[in-house]
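Remarks on the overall topology
As a plain string of letters, each chain reads:
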Amino acid sequence: MVRQKVWVAGIAAAVALAGAITVYSTGILSDTKVNGNLLTISQGKDKITVKLCKDDLVKVDFLPEGKATAHTEVIADNKWDGANEGNNVKAQIDTKSNPMTIKTDKMIVKIDKKTKRISIYDSKGNMLIKEQDVNDIYNKGVKFDHNSGDKFYGISGYTNTEESTAGMLKTGNVDVTAGAQGHPGGPFVWSTKGYGVLVDSNGGDFSIKDTSLTFDDCSKKDIEYYVAVGKPTDIIEATADVTGKSPMFPKWATGFTNSEWGIDEKELTNIVDTYRSKNIPIDNYTLDFDWKAWGQDNNGEFRWNDTKFPDGSSGKLKEIMDSKGIKLTGIMKPRIHVDTVEGKYAEQNKLWHPNSVVGTDYFSGKQVRDLNFADSNLRKWFFNNAKGAMDTGIAGWWNDEADEVNDNFQFMNMQKAMYEGQRAANDTRVWSINRDFYLGSQRYAYGMWSGDIPTGFYSMEAQRERMLSAINLAEPKWGMDTGGFNGNPNPENYARWIEFSAFTPIFRVHGNLDDQRQPWVFGDTAEAAAKKAIQLRYKLIPYIYAYDRKAYETGVGLVKPLVFDYSEDKNVENDVDAWMFGDYMLVSPVVQEGQTSKKIYLPKGTWIDYFTGKTYEGGSTIDYTVNANTYDDIPLFVKKGAIIPNQDSQNYVGEKPVTNVYVDIFPDKEKTSFNYYDDDGKTYQYEKGVYFKQNIDAQDKGNGQVNINLSAKTGSYTPETKYFILKVHGKASDSVNLGSSSVKAYGSLDDLMNAEGEGTAKGQDVYGEVTYVKVKLGDSKSINVK
């Protein structure tokens, strides 16, 4: 056997990359060609390409007559179409053996020389999934075999009123569609057994049986699919590598949003002033139809309603709201009025969606028609018309009702218009919410919400599986009409819903025409509970914001189903009652009326009640006492090993400088870490390295010692925060060293906070003994607490 190194297309500049690929052969088969990490297999006139994209991701493309067709909007770009991308992956390619093999540290791909069928194994040689040995393997899709008992997730979620007791698990025939009214979908399915399959297609159908997985009705002639291997988070990250990462929202979007239909400038100002006088935090007010001159000629769909908002078009309202710490965001519709200047322009330029017809608008009572956002010229025209509103105060986009023309990409393309338009116009971050989701949309700063849901406890409870199903489809930004859109919640329902929503990615209330969703509307008890939950959200913003960065880097964001982290635990296979909020907090909101006790399953590990400090051992179900009178308790648990940055609550993001960030540390025997993150919170300069990142790790070394290490910072941004106040729980120490030097000890936390420079103190809190360590941000430090 001759051992050969493959050189990429003979290009000398690529030698270093290609050297990572090793080929074993004594003469590659005449029907198989190897170019770097791309294998091309001929099968008559047809070809099959097998491309190693990453060490945990492979792309397979069946090319009828050797021809590829264009990607759908699911795929972010063409970076893995050629032979060169990914050649830095360490792999061994053996074309002599039968089956031929491609091996990395994380996966093995086997290709039968006779049948040309492809099988995927984990690094230990366990079969995960394999193509079926049938003649019509690629007939309008692809057919796989898998092991009996595999559990599947992804593909689809639920509409606003659809029965959802099936939870997250998928079985049988599942349509691939963006759907309508809060529905997420995509041609992507994954299993907790360590693999996921993504097919490039506009729609389709998955059929899941005990040992088979079939994708049918592919929209493309060539069948292009990707297989990722690893833990659920690895699979989501690989899928985001193919379909696009989620850009960061502005930091204000981590806070609270009040959305309202039926409002004018006077009422808006009064409501905002009431929020401020009551010290209930809020950052964003989203305006429905009311902000627009809807139904009027000359671009009424895009400009301010000067009657309801007399200071809108001049920009004065923006100045007023800016002074109160409020961002204004506004609804956008995919349709325009036909008998208008803009309608005639659309007619002349053929901008209507082919599936749309002229109809009567339910708000204006006039004739309207939906636009075709697949048309790049329409997208530019649409945003250019909306730009004036953006310049005078509309800071984000609430895209609505683009799910009514039976087009999987209509909503995606509508937000693509706003994203690409705003990115070209300025450097301010884009924010949006949209009423359905198709995989790939996330790359356009695309948040989604669950549609026009009913009020009531049953509806609230059903939002859990809706959120987690969307996240299973690689959409990290999800929210809902907290309180319900149709109907009005009772005080308990409202308070509990706010508590639920405080632990979702997009925290927002909304109701139907003229319905109010402010906390004080529901009485003193509900207001107090809601205020407590909103203030907790603002306290956790440093923690929350770091996960928006993580979603941008990996595709995995703030909320994770328990099955992401505990995939081997059968108790969480379809558990929607609790979820991970970041890596270190588990929340299980109260969703039943009058509940006084709640059963909560805690997975393996040691869990600490965030509010009481009570400790529980995981792998068991606990009975958690709930107060049905005050509505103000949230079942929230911290995992031992947690590192949780937080701050003093503010009335809005940026109300005052955050000079100190507290870091709660619950040391475990296993080392744990957290990547603290900050940036300007407003622009895309983070894409150019203008950010602040510092890793914090901690470990209980035993013998009464805890080691904490702060890495040197990365990024060029200088935050306003000057100090970390580390709170090392479970230990009270007089002896703290920074490197080899001892740290000055102070008599109390107050003394430490008021002192200049670094230092330490000890005390007690709800968790027991605690050691406080005050250290400067940015520098590499080794801290020893004895």
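The coordinates are above.
Let us look at the structure shown here. This structure is a prediction, so every number in the text was calculated from the model and none was measured.

1. Brief notes about the overall build of the chain
Assigned secondary structure in the chain consists of 13 helices and 50 strands. Over its C-alpha trace the chain gives a radius of gyration of 27 Å, about what one expects of a compact globule, namely 28 Å for 786 residues. In terms of overall dimensions, the chain has a C-alpha envelope of 80 × 75 × 50 Å along the principal axes. Out of the 786 residues belonging to the chain, those deemed buried represent 61%. A separation threshold of at least 6 residues defines the contact pool for the chain, and within that pool the share at least 24 residues apart is 69%. Total accessible area computed for the chain in this model is approximately 28700 Å², and 45% of it derives from carbon and sulfur atoms. Both charge centroids of the chain, one from 93 positive and one from 107 negative side chains, sit 6 Å from each other.

2. Focus on the side chain of Gln 442
Here Gln 442 shows up in the loop between strand E28 (437-438) and strand E29 (447-449). A distance of 2.8 Å separates a polar atom in the side chain of Gln 442 from the backbone oxygen of Gly 244. Among the polar contacts made by the side chain of Gln 442, one reaches the main-chain amide nitrogen of Gly 440 at a distance of 2.9 Å.

3. So, the packing of helix H6 (residues 376-391) against helix H7 (residues 410-425)
Taken N-terminus to C-terminus, the directions of H6 and H7 make an angle of 60 degrees; their axes are 9 Å apart at the nearest point. As summarised for this structure, H6 and H7 are arranged oblique, according to the angle between their axes. Here H6 and H7 pass one another in a crossing that is right-handed. On the side of H6, the interface is formed by Arg 379, Phe 382, Phe 383, Ala 386, Lys 387 and Met 390, while H7 contributes Asn 413, Met 414, Lys 416, Ala 417, Met 418, Glu 420, Gly 421, Gln 422 and Ala 425. For the contact of H6 with H7, the class distribution of residues is eight nonpolar, three polar and four charged.

4. Some points on the sheet that holds strand E37 (residues 615-617)
Read across the open sheet, the six strands follow the order E32-E33-E34-E39-E36-E37; overall the sheet is antiparallel. Each edge of the sheet is formed by a strand with only one pairing partner; in this case those strands are strand E32 (559-561) and E37. Pairwise comparison of adjacent strand axes, ignoring direction, gives a mean angle of 35 degrees for this sheet. Pairing geometry for strand E36 (residues 606-609) and strand E39 (residues 636-639), over three bridges, is antiparallel. For Ile 608, the partnering residue across the bridge sits in E39 and is Val 638.

5. Concerning helix H9 (residues 491-501)
Counted residue by residue, H9 has 10 buried out of 11 residues, so it is predominantly covered. Residues Glu 492, Asn 493, Tyr 494, Ala 495, Arg 496, Trp 497, Ile 498, Glu 499, Phe 500 and Ser 501 constitute the buried set of H9. Packed against the buried residues of H9 are strand E20 (256-260), helix H8 (457-471), strand E31 (507-509), helix H10 (524-539) and strand E33 (579-581). Near the N-terminus of H9, the side chain that reaches the backbone nitrogen of Glu 492, with its oxygen 3.1 Å away, is that of Asn 490.

6. Here's the deal with the pattern of salt bridges
Inspection of the entire model under this criterion finds 45 salt bridges. Note that Lys 116 and Asp 31 form a salt bridge whose closest N and O atoms lie 3.3 Å from each other. One end of the pair, Lys 116, is in the loop between strand E9 (107-111) and strand E10 (118-122); the other, Asp 31, is in the loop between strand E2 (21-25) and strand E3 (32-35), with 85 residues separating them in the sequence. Take Lys 116: its relative accessible area is 9%, and that puts it in the buried class. We note a salt bridge from Asp 623 to Lys 599, for which the minimum N-O separation is 2.8 Å. On the criterion of sequence distance, the pair formed by Asp 623 in strand E38 (residues 620-625) and Lys 599 in strand E35 (residues 597-602) is long-range, its members being 24 residues apart. Several salt bridges converge on common partners, so that one network encompasses Lys 333, Arg 335, Asp 361, Asp 400, Glu 401, Asp 403, Glu 404, Arg 435 and Asp 452.

7. With respect to the state of the cysteines
By the definition in use, this model includes zero disulfides. Among the cysteines around Cys 218, which has no disulfide bond, Cys 53 carries the closest sulfur, lying 17 Å off. Assessed through its relative accessible area of 11%, Cys 218 is described here as buried.

8. Structural notes on the pairing of E39
Sheet topology note: the strand E34 (residues 585-587)/E39 ladder contains three bridges and is antiparallel. By the bridge assignment, Leu 586 is partnered in E39 with Phe 637.

9. Overview of the sheet that holds strand E24 (residues 359-360)
Taken in spatial order, the three strands of this open sheet run E23-E25-E24, and their pairing is antiparallel. Where the open sheet ends on each side, the last strands, each with one partner, are strand E23 (335-337) and E24. Sheet topology places E24 next to strand E25 (residues 367-370); two bridges connect them, and they run antiparallel. In the sheet register, Thr 360 faces E25, and the bridge partner there is Gln 367.

10. Thoughts on the environment of Lys 614
Following the sequence through the fold, Lys 614 ends up in the loop between E36 and E37. Given the relative accessible area of 48%, Lys 614 is considered partly exposed. Spatially, the C-alpha atoms of Lys 614 and Val 341 are 66 Å apart, while their sequence positions differ by 273 residues. Contact partners of Lys 614, with chain neighbours within four places excluded, come to Trp 607, Ile 608 and Asp 609.

Conventions adopted
- Residues numbered from 1 in each chain as written.
- Predicted model: local features only at pLDDT ≥ 70, side-chain atom pairs only at ≥ 80, totals over all residues.
- Heavy atoms only, no water.
- Helix = DSSP H or I, 4+ residues; strand = E, 2+ residues; numbered from the N terminus.
- Rg over C-alpha atoms; globule rule 2.2 N^0.38 Å.
- Buried < 20%, exposed > 50% of the residue type's maximum accessible area, 1.4 Å probe, protein only.
- Contact = heavy atoms within 4.5 Å.
- Areas by Shrake-Rupley, 256 points an atom, 1.4 Å probe, with all protein chains shown as cover.
- Lys, Arg positive; Asp, Glu negative; His and termini not counted.
- Charge placed at Lys NZ, Arg CZ, Asp CG, Glu CD.
- Polar contact = N/O pair within 3.5 Å; in protein donor to acceptor, adjacent residues only side chain to side chain.
- Axes fitted to C-alpha atoms, helices over the stretch in contact; angles between N-to-C directions.
- Parallel < 35°, antiparallel > 145°, perpendicular 65-115°, else oblique.
- Left-handed = near helix turned anticlockwise from the far one by under 90°.
- Nonpolar A, V, L, I, M, F, W, Y, C, P; charged D, E, K, R; others polar.
- Pairing = 2+ DSSP bridges.
- Salt bridge = Lys/Arg side-chain N within 4 Å of Asp/Glu carboxyl O.
- Disulfide = S-S within 2.5 Å.

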